[in-house]
Amino acid sequence: MHSHTHRASRQRCSVTPIAMAVSLALLSLSTVHAQTVPVDGAAQPPAAQPGAAQTFPAAAAATDAPSADQPAGASPTTVVVTGFRYSIEKSLDQKREANSIVEVVTAEDVGKFPDKNVADALQRVPGVVVTRSGGEGKNVSVRGLSSDLTLTQLNGNYVATAESNGDPSRSFNYMLMPSNMLASAELYKTSEARFDEGGIGGTVILRTRRPLDVKSGTGFVNAEGTWADTTKKTDPQFSGQYAWHDESNRFGVLVGYTQQKRTTRTMGASTENWQWYADDYKAQPPVGADGQPSKLNSFWWGQSGFYDQSGKYYTKFAMPTAVALDVRTTERERKGGQVTLQFKPLRNLNMTANYFRFDLQQNSQLNQLKVPEWNIARYDGDGNWPGGRLLDGLTFDPSGTIVTGAQYSARPGKAYYCNSAQAGAGGLTNTGGFGPDDCTIPTPQIAGSYSREKALSQTADFEVEWKGESVDATVKAGRTWAKGGPELQFGMPIKPRRQNADGSWSLGNTATSWDVSGTPTMTFAPELMQNLKNGIGEIDLGSTSSSWTRNSTEQNYAQADLTWHADSSWLDSVQFGAKYRDGGTSRSTGNNYWVCKGANPGDYDSRYQNGCDSSANQFRPEFLYDESLGNLTGGLKASAFPGINYPAYISYLNQTYGEMQTRNEENFIYNVDEKITSMYLQGNFKTDRLRGNLGVRVVRTRQHADSTDKVDYYNDYFFDGPDGTPAPCLAGGLPAAGAPAGSGCT
């Protein structure tokens, strides 16, 4: 006698190392199988085969007489034992019966691992690569193809997705969907005619539970917390599900809810725009560390090397224009809800209505230290070029062609010129190129960004199933829609220096160095943090940012499917269906901004960065966190890591300039609408040693797209000389004689 039952309820709890050890010990002493053992001990069944799932009656003793509590002739009580092996067997059964290449992840599989969303559960499937965001799986790609080529469906139909920040995508955002709402996830690596088009890499079908499939009055409640050593914070998580149906198993209701909070902290290092420096790019083309020609195609436009402060000349090497250390903290809250109604008026007629809602909200803050090449005099036509600005030296890899570090300092007692007038007064005849970066250390540039984002996806559908003796029919209609994007996005950089009333400069930092030969490292002057607390800093208003992108997607669909089960030794079934879909996606862009006091809030040109407030660039110590960011866990090294407290700065803007304004731009908008009609015919064949399918799908797509963009027209940038060609520059790179202000020169 064999019987398979599903667990009616499931409860999670925290697992301690001792409890885990005890569980493993007990597991090693028992078996995950269930075997049938007769009460009288007479005839014994054959030995269980490995991997079999069986049941057996429970008996206190082997005796011919029935117990007092059990009447003679009564059926023995059965105990069903399930475990991880059973879930594997269940997945293998589904794969074994499939006529295509499919991987199946069941709810039992998901429950064995601490996966919080569906992508994390799918990552263990061979051939699946997961793209992560903030430590969680976001997109799924199959066999190395783009995630946009993986089609994700919910119960067999498209599910709309939205990005919390960024352009819309055909790739499903798996961060929206909690893993414990799944009954199973099926990944088809080969296409079939019955599947919707679009899954070139693969098709993922997410299956959810239905009330008549589980025991009435059962469910689960799970409460837990997560703690990470990078954040030193505990986040609560809750999920629950309950199912009920009447005694006749005709009508049932299932409700589920999940709420997960998670704080993540990621660290990284990056370089920007590697360039090749040489005196003659034709005679000295880029080479790699092995001395062979390199494919590097970015060159320093000045076509020269440069000096350091000691007079050493550097040429024929590759160097990044900036090096950055990043610490990103994300506070994420994910909510998921499901309501399913199921009605079975007849034995072979089943009606199901579903509503799903997936809600994601997150606040993300990036704190960044960046060291650009501002303290290098790179252009050989400027007067500051021979002096080397504030560069102390470069370090290289063993080949001498790849820069792995740089050192800068303001040397005590040395005369530095902050502008051309000072350079002329110091006796220089070529005064071009001098500025604040010649007399200050503007690094580290203390930068980053802050955003408050959200995404919402909803799906509602109704399905009618008829299962006859030889013909099955299914009719389904539904709607899925989603929207997402930031309600606020803002970035602002600070430089550790301050210009005084007399035009002189106070230095918040006197030395900077970076090194990427091992663990990415930055070192600054010991007094950096204290100088910032003393208010030595400036806000770089020209580099503030507040642009965002929002997106939305929707689709209405209706389909009908027929399956004829053949009574044949090789033809298993024939499937036919038709489907209609009407949907589209759109993108909009905009800005957040604050206007100066007394200005029209709707006037974008009156924002505080545009010069209407002369004090807008003044730095205050409360714009930074009190202490250097710590707990870098060995991933990065920094002698100090000042971080901008963006919530505090945004609060200051609201108090100083009033309520934040939001502008929807008229440009950079697009809309794409699609109407898709499709039909398919598929035959499934099966023999003792061969299974497969053969089919054809016909699809007609009508697409409409519109967009808006902004085109700027400029007059001739260069000033022409008497001969009609662009006039050459004057000394110091100034425009040619007689050229209008702002003109270019050669």
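Predicted model, so just to flag it, every value in this text is computed and none were measured. The residue count restarts for each chain, going from 1 along the sequence in the order it is written. Where local features are concerned, this predicted model is filtered to residues with pLDDT of at least 70; where side-chain atom pairs are given and counted, the filter is 80 or more; whole-chain, interface and lining totals use all residues. Only hydrogens and water are set aside when side-chain values are computed; all heavy atoms of the structure are taken into account.

### Things to note about the overall build of the chain
Inference 1: Counting from the N terminus, the helices are the DSSP runs of H or I reaching at least four residues and the strands are the DSSP runs of E reaching at least two. The number of helices and strands found in the chain is 7 helices and 32 strands.
Inference 2: Counting across all 746 residues of the chain, residues that qualify as buried make up 44%.
Inference 3: Any two residues having at least one pair of non-hydrogen atoms within 4.5 Å are treated as being in contact. Sequence separation of 24 or more characterises 70% of the internal contacts of the chain that already satisfy a separation of 6 or more.
Inference 4: Roughly 37,200 Å² of accessible area belongs to the chain as shown, and the carbon and sulfur atoms make up 54% of that amount. With a 1.4 Å probe rolled over the protein chains alone, any residue whose accessible area is under 20% of its type maximum counts as buried; one over 50% counts as exposed, and the rest are partly exposed. Residue burial considers only the protein chains on display, and all accessible areas are found by Shrake-Rupley using a 1.4 Å probe.

### Looking at the pairing of strand β4 (residues 128-133)
Inference 1: Of the strand pairs in this sheet, β4 and strand β5 (residues 136-142) are connected by 6 bridges, and their pairing is antiparallel. By the bridge assignment for β5, threonine 131 is matched with asparagine 139.
Inference 2: At least two bridges found by DSSP between two strands are what make those strands a pair. As consecutive antiparallel partners, β4 and β5 are separated by 2 residues, and within that stretch glycine 134 has a phi angle of approximately 60°, a positive value.

### Side note on the state of the cysteines
A covalent bond between the sulfur atoms of two cysteines is referred to as a disulfide.
Inference 1: In plain terms, two cysteine sulfur atoms within 2.5 Å form what is called a disulfide here. The final tally for this structure, using the stated rule, is 2 disulfides.
Inference 2: Covalently, cysteine 596 is tied to cysteine 612 through a disulfide, its sulfur atoms 1.8 Å apart. Because the sign of the S-S torsion sets the handedness, a value of about 70° for the bond joining cysteine 596 and cysteine 612 places this disulfide among the right-handed ones. With cysteine 596 in the loop between β28 (571-593) and β29 (637-638) and cysteine 612 in the loop between β28 and β29, this pair connects stretches of sequence that are 16 residues apart.
Inference 3: In this structure cysteine 596 comes out as buried when scored by relative accessible area, which is 9%.
Inference 4: What makes cysteine 612 partly exposed here is its relative accessible area of 44%.

### Considering the side chain of serine 573
Inference 1: Assignment of secondary structure puts serine 573 in strand β28.
Inference 2: According to the relative accessible area criterion, serine 573 is buried, its value standing at 4%.
Inference 3: In contact with serine 573, other than residues within four places in its own chain, are Thr563, Trp564, His565, Ala566, Gln682, Gly683 and Asn684.

### Let's talk about a nonpolar patch on the surface
Inference 1: Two joining distances apply to patches: 9 Å for like charges and 5 Å for nonpolar side chains (Val, Leu, Ile, Met, Phe, Trp, Tyr), and every residue must have over 30% relative accessible area and no salt bridge. Whenever a carboxyl oxygen of Asp or Glu lies within 4 Å of a side-chain nitrogen of Lys or Arg, that contact is scored as a salt bridge. Nonpolar side chains collect at one region of the surface, where Val471, Leu562, Trp564, Phe576, Met679, Leu681, Val696 and Val698 lie side by side and expose about 710 Å² of accessible area between them.
Inference 2: Sorting the residues of the nonpolar patch by element identifies β27 (547-565), β31 (669-686) and β32 (691-708) as the ones contributing at least two each.
Inference 3: Mapping phenylalanine 576 onto the fold places it in strand β28.

### With respect to helix α7 (residues 646-657)
Inference 1: End to end, α7 covers 16 Å across 12 residues, agreeing with the expected 16 Å (1.5 Å per residue, within 8%).
Inference 2: Among the residues making up α7, those that are buried are Tyr646, Tyr649, Ile650, Tyr652, Leu653, Thr656 and Tyr657. The buried residues of α7 occupy an angular sector of 155° when projected down its axis, which confines them to one face.
Inference 3: Elements that come into contact with the buried residues of α7 comprise β16 (349-372), β19 (445-467), β20 (471-490) and β26 (538-539).
Inference 4: At the C-terminal side of α7, glycine 658 shows a positive phi close to 95°. Any helix carries an expected span of 1.5 Å times its number of residues minus one. It is the directions from the helix axis to the C-beta atoms whose arc is reported.

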